[in-house]
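# Coordinate inspection notes
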Amino acid sequence: MSNRPLLEVSGLTKHFAPRTRLFARSGTPVRAVDGVTLDVHAGETLAIVGESGSGKTTTARTILRLIEPTSGTVLLRDGEETVDITAATEAQLKPVRRRMQMVFQDPFSYLNPRMNVGRIIAEPLEVHGIGDKRERLDRAAEALEAVGLKGSYVNRYPHAFSGGQRQRIAIARAIILNPSLVFADEPVSALD
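What counts, and where the lines are drawn
- Residues numbered from 1 in each chain as written.
- Predicted model: local features only at pLDDT ≥ 70, side-chain atom pairs only at ≥ 80, totals over all residues.
- Heavy atoms only, no water.
- Salt bridge = Lys/Arg side-chain N within 4 Å of Asp/Glu carboxyl O.
- Buried < 20%, exposed > 50% of the residue type's maximum accessible area, 1.4 Å probe, protein only.
- Helix = DSSP H or I, 4+ residues; strand = E, 2+ residues; numbered from the N terminus.
- Polar contact = N/O pair within 3.5 Å; in protein donor to acceptor, adjacent residues only side chain to side chain.
- Contact = heavy atoms within 4.5 Å.
- Axes fitted to C-alpha atoms, helices over the stretch in contact; angles between N-to-C directions.
- Parallel < 35°, antiparallel > 145°, perpendicular 65-115°, else oblique.
- Left-handed = near helix turned anticlockwise from the far one by under 90°.
- Nonpolar A, V, L, I, M, F, W, Y, C, P; charged D, E, K, R; others polar.
- pLDDT = per-residue confidence, 0-100.
- Phe/Tyr/Trp six-rings, centres within 6.5 Å; stacked < 30°, edge-to-face > 60°.
- Lys NZ or Arg CZ within 6 Å of the ring centre and 35° of its normal.

### A look at the pattern of salt bridges
Enumeration over the complete set of coordinates arrives at six salt bridges. A salt bridge links Asp34 to Arg31, with the nearest nitrogen and oxygen atoms 3.4 Å apart. Residue class for Arg31 comes out exposed when judged on its relative accessible area of 55%. Between Glu81 and Arg99 there is a salt bridge whose closest N-O contact spans 3.4 Å. Separated by 18 residues along the polypeptide, Glu81 in strand 4 (residues 81-84) and Arg99 in helix 3 (residues 90-99) bring together distant segments of the chain. Overall, the relative accessible area of 44% leaves Glu81 in the partly exposed class.

Take a look at the structure:
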């Protein structure tokens with residue numbers, strides 16, 4: 001077994017250009033993430049703790065390259081393969097995204113109200129061409145059960161669930177691909 005980390009982040013920085021008149025006068029960019037370096041090994045849990053607005057969510061989104069970093073490197077190792085996420089093209093990122101998933105802070109804001117929960121949870125399987133429609137729905141039901149909800153809820157819509165249940169749905173969606181890494185932005189804050 002390798003002692004190399006699954007995720008290696010070195011000098012990660014994300015600065016935003018000033019957008020308000022207050023910041024524009026000074027011309028100083030907002031330094032949301034500034035020189036983050038960390039390693040995460042397989043099976044390990046890492047928590048980033050800080051006050052509201054300290055850059056925790058921006059750090060996670062930058063590591064996942066949901067937003068572009070200003071500088072730094074992010075390496076993902078899976079077996080013998082190493083991918084430099086910061087340098088990867090969009091085509092190279094697609095299989096990487098299968099191995100890294102995120103549970104967002106507010107599930108209701110990104111759970112499509114026009115899709116039933118089964119389709120919402122199974123969507124990552126469809127995007128990555130895994131299984132047929134029936135197999136995806138069966139896996140969605142299994143994922144619901146894995147997070148403490150009934151598999152029969154696959155035909156319900158997001159509005160029919162409490163905030164805590166919607167958070168469980170978001171977790172089910174994140175784990176359905178069996179990712180190597182799960183980023184959770186305050187995942188238990190809404191659980192009931």
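The rest of the description comes next.
### Some thoughts on the side chain of Asp185
Relative to the helices and strands, Asp185 resides in the segment after strand 6 (181-184). Among the polar contacts listed, one links the side chain of Asp185 to the side chain of Thr57, at a separation of 2.7 Å. Discounting chain neighbours no more than four positions away, the residues touching Asp185 are Thr57, Met102, Val103, Phe104 and Gln105.

### Considering the packing of helix 4 (residues 117-127) against helix 6 (residues 163-175)
It is at 7 Å that the axes of helix 4 and helix 6 come closest, and there the two elements cross at 30°. In terms of their interaxial angle, helix 4 and helix 6 are classed as roughly parallel. Handedness of the crossing formed by helix 4 with helix 6: right-handed. Contacts from Val117, Ile120, Ile121, Glu123 and Pro124 of helix 4 reach helix 6 at Ile169, Ala172 and Arg173. The class makeup of the residues in the contact of helix 4 with helix 6 is six nonpolar, no polar and two charged.

### Examining the packing of helix 4 against helix 5 (residues 133-146)
Helix 5 packs onto helix 4 with a crossing angle of 115° between their chain directions and a minimal axis gap of 8 Å. The angle between helix 4 and helix 5 falls in the class roughly perpendicular. Note that helix 4 runs across helix 5; the crossing there is right-handed. Contacts between helix 4 and helix 5 involve Val117, Gly118, Ile121, Ala122, Leu125 and Glu126 from the first element and Arg136, Leu137, Arg139, Ala140, Ala143 and Leu144 from the second. Per-class residue counts for the contact of helix 4 with helix 5 are eight nonpolar, one polar and three charged.

### Digging into the confidence of the model for the chain
The predicted structure's coordinates, where accompanied by low pLDDT, should not be read in detail. Confidence in the prediction for the chain averages 90 pLDDT; 92% of positions are at 70 or higher. No element of the chain has a lower mean pLDDT than helix 1 (residues 21-26), at 55, and none a higher one than helix 5, at 97.

### Section: the packing of aromatic side chains
Here the structure, examined in full by the defined rule, presents one aromatic pair. In this structure, Lys14 packs its charged tip against the face of Phe16, placed 5.0 Å from the ring centre.

### A word on the environment of Leu177
Tracing the backbone shows Leu177 in the loop between helix 6 and strand 6. Given a relative accessible area of 6%, Leu177 falls into the buried group. Residues Leu177 and Leu64 lie 113 residues apart in sequence; the distance between their C-alpha atoms is 16 Å. The contact partners of Leu177, leaving out residues within four places of it in the chain, are Arg98, Gln101, Pro124, Leu125, His128 and Ile130.

### Re helix 4
Of the positions making up helix 4, those classed as buried are Val117, Gly118, Ile120, Ile121, Ala122, Pro124 and Leu125. Contact partners of the buried residues in helix 4: helix 5 and helix 6. Between a side-chain oxygen at the N-terminus of helix 4 and the backbone nitrogen of Gly118 the separation is 3.1 Å; the capping residue is Asn116. Gly129 sits one or two residues past helix 4 and shows a positive phi near 65°.

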